[in-house]
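In case you want the letters, here they are:
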Amino acid sequence: MTRISKNPEERKEEILDAAMELFLTRGYEKTSVSDIVRRINVAQGLFYYYFKSKEEVFRAVMERLARQFSERIIAIIRDDSLTFRSRIEKVVDTMYHVLPVSESILMDEIHQEEFRAIHYRLAFQIAGEVIGPIAELLATLRERGLARVKDPKLTASFLVFGVFGLVHGEDDLVHDKKNLTTDTLLDMLSGLLGVSPEVLKNI
């Protein structure tokens, strides 16, 4: 059988696709480099041409998942067909569905001590990427007279990293979806933006 030649970027993405699928369904510990190359029927040497180790491809997969998560959040923030409340609802729901496979074993693994550094680094990456779009939304609300915000970007940063602190803090209370709700966030935002919760609900 003639081997199909692919350009380097396409081949690298193919390896990432296979690695992501296996990490999401089997978890990090139960996925080997051999599993990844068997999934796409390539030699193990080809894997090591693109990635030095399983740890390196894992980091690349996590960075891809972080980008995808950021894109989902940003799309919601910029969706002008949604009310402010609907955007908050969708953002909250997305926050509890970070991975494309629900109840993935990988979600438990990335909260373990050995993955804490990459977990926090990617969380900060996501937070940094959504600050700009949130600042744009706050500036628009200010222009419409619907929010008392002196510095949209500074306020967006305070908001994003405040929620980041809640979600990634030591208190397990906020990790329960019943506690970090849309109404809870609207109450917090009303004080931060200088408007009543009712105004935010009706924007």
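Since we're looking at a predicted model, the values are computed, not measured. (Residues numbered from 1 in each chain as written. Predicted model: local features only at pLDDT ≥ 70, side-chain atom pairs only at ≥ 80, totals over all residues. Heavy atoms only, no water.)

K.L.:
Help me understand the overall build of the protein chain in this model?
P.N.:
If you tally the helices and strands in the protein chain, you get ten helices and zero strands. Ordered by position from the N terminus, the helices and strands of the protein chain form the series α-α-α-α-α-α-α-α-α-α. Burial analysis of the protein chain (203 residues in total) assigns 42% to the buried set. In the protein chain, of all internal contacts separated by at least 6 residues, the share reaching a separation of at least 24 is 63%. For the protein chain, the exposed area adds up to about 11700 Å²; of that, 53% sits on carbon and sulfur atoms. (Helix = DSSP H or I, 4+ residues; strand = E, 2+ residues; numbered from the N terminus. Buried < 20%, exposed > 50% of the residue type's maximum accessible area, 1.4 Å probe, protein only. Contact = heavy atoms within 4.5 Å. Areas by Shrake-Rupley, 256 points an atom, 1.4 Å probe, with all protein chains shown as cover.)

K.L.:
Can you help me understand unusual backbone geometry in this one?
P.N.:
In this structure, Asn-41 takes a positive phi of about 60° despite not being glycine. Position of Asn-41 among the secondary structure elements: in the loop between helix H2 (33-40) and helix H3 (44-50).

K.L.:
Explanation requested: the packing of aromatic side chains in the structure shown.
P.N.:
Think of a pair of aromatic rings as described by two things: how far the centres are apart, and how the planes are tilted against each other in angle. For the structure shown, the criterion picks out seven aromatic pairs. Aromatic side chains Phe-23 and Phe-58 sit 5.3 Å apart centroid to centroid with 90° between the ring planes, which places their arrangement in the edge-to-face category. Here Phe-23, found in helix H1 (residues 8-26), pairs with Phe-58, found in helix H4 (residues 54-77); they are 35 residues apart in sequence, far enough to count as distant. Considering the side-chain rings of Tyr-49 and Tyr-50, the 4.9 Å spacing of their centres and the 90° angle between planes classify their relative orientation as edge-to-face. Since its relative accessible area comes to 16%, Tyr-50 is described here as buried. Against the face of Tyr-28 rests Lys-54, its NZ or CZ located 4.1 Å from the ring centre. (Phe/Tyr/Trp six-rings, centres within 6.5 Å; stacked < 30°, edge-to-face > 60°. Lys NZ or Arg CZ within 6 Å of the ring centre and 35° of its normal.)

K.L.:
Before we go on, may I ask you to explain the environment of Ala-147 in this structure?
P.N.:
You can see Ala-147 is positioned in the loop between helix H7 (116-143) and helix H8 (152-168). In this structure Ala-147 comes out as buried when scored by relative accessible area, which is 7%. Placed 46 residues apart in sequence, Ala-147 and Leu-193 show a C-alpha to C-alpha distance of 5.3 Å.

K.L.:
Which parts of the structure should I look at to understand the nonpolar core?
P.N.:
Soluble globular proteins tend to bury their nonpolar side chains together. Counting 62 residues, the largest nonpolar core has Phe-23, Ile-36, Val-57 and Phe-84 as the members making the most contacts within it. Elements represented by at least two residues in this core include exactly H1, H2, H3, H4, helix H5 (84-95), H7, H8 and helix H9 (182-193). When near neighbours in sequence (up to four residues on either side) are disregarded, Phe-84 contacts Leu-137, Leu-141, Leu-186, Leu-189, Leu-193, Leu-200 and Ile-203. (Core = buried A, V, L, I, M, F, W, Y, C linked by side-chain atoms within 4.5 Å.)

K.L.:
What am I meant to see in H1 here?
P.N.:
What sets the pattern is the α-helix's 3.6 residues per turn: residues three or four places apart point alike. Spanning 19 residues, H1 covers 27 Å between terminal C-alpha atoms, matching the ideal 27 Å at 1.5 Å per step. All of the buried residues along H1 are Arg-11, Glu-14, Ile-15, Leu-16, Ala-18, Ala-19, Met-20, Leu-22, Phe-23 and Leu-24. Just beyond H1, the residue with positive phi is Gly-27, at close to 95°. (Expected span 1.5 Å × (residues − 1).)

K.L.:
Looking at this structure, how should I read the packing of H4 against H5?
P.N.:
Axes are the key here: two packed helices are described by the angle between their axes and the distance separating the axes. At a minimum axis separation of 9 Å, H4 and H5 run at an interaxial angle of 170°. Classed by the angle they form, the pair H4 and H5 counts as roughly antiparallel. On H5, the residues that touch Phe-69, Arg-72, Ile-73, Ile-76 and Ile-77 of H4 are Arg-87, Lys-90, Val-91, Thr-94 and Met-95. Partitioning the contact of H4 with H5 into residue classes produces six nonpolar, one polar and three charged. (Axes fitted to C-alpha atoms, helices over the stretch in contact; angles between N-to-C directions. Parallel < 35°, antiparallel > 145°, perpendicular 65-115°, else oblique. Nonpolar A, V, L, I, M, F, W, Y, C, P; charged D, E, K, R; others polar.)

K.L.:
Looking at this structure, I do not really get the pattern of salt bridges. What am I missing?
P.N.:
Pairing between side chains of opposite charge can happen when the charged atoms of each approach one another. All told, the structure shown has eleven salt bridges when counted by the stated rule. The salt bridge involving Arg-85 is made with Glu-89; its shortest N-O contact spans 3.2 Å. Pair noted here: Arg-85 and Glu-89 are both in helix H5, with a separation of four residues, about one helical turn. According to the relative accessible area criterion, Arg-85 is partly exposed, its value standing at 23%. According to the relative accessible area criterion, Glu-89 is partly exposed, its value standing at 34%. Of the charged contacts, one joins Asp-183 and Arg-85 as a salt bridge, the two residues approaching to 2.8 Å between their closest N and O atoms. Placement of Asp-183 in helix H9 and of Arg-85 in helix H5 is noted, with a sequence separation of 98 residues between them. With a relative accessible area of 35%, Asp-183 lands in the partly exposed category. Taken together, the salt bridges that share partners define one network made up of Glu-13, Asp-17 and Arg-64. (Salt bridge = Lys/Arg side-chain N within 4 Å of Asp/Glu carboxyl O.)

Interpretation note: all reported values are geometric properties and have no functional meaning in isolation.
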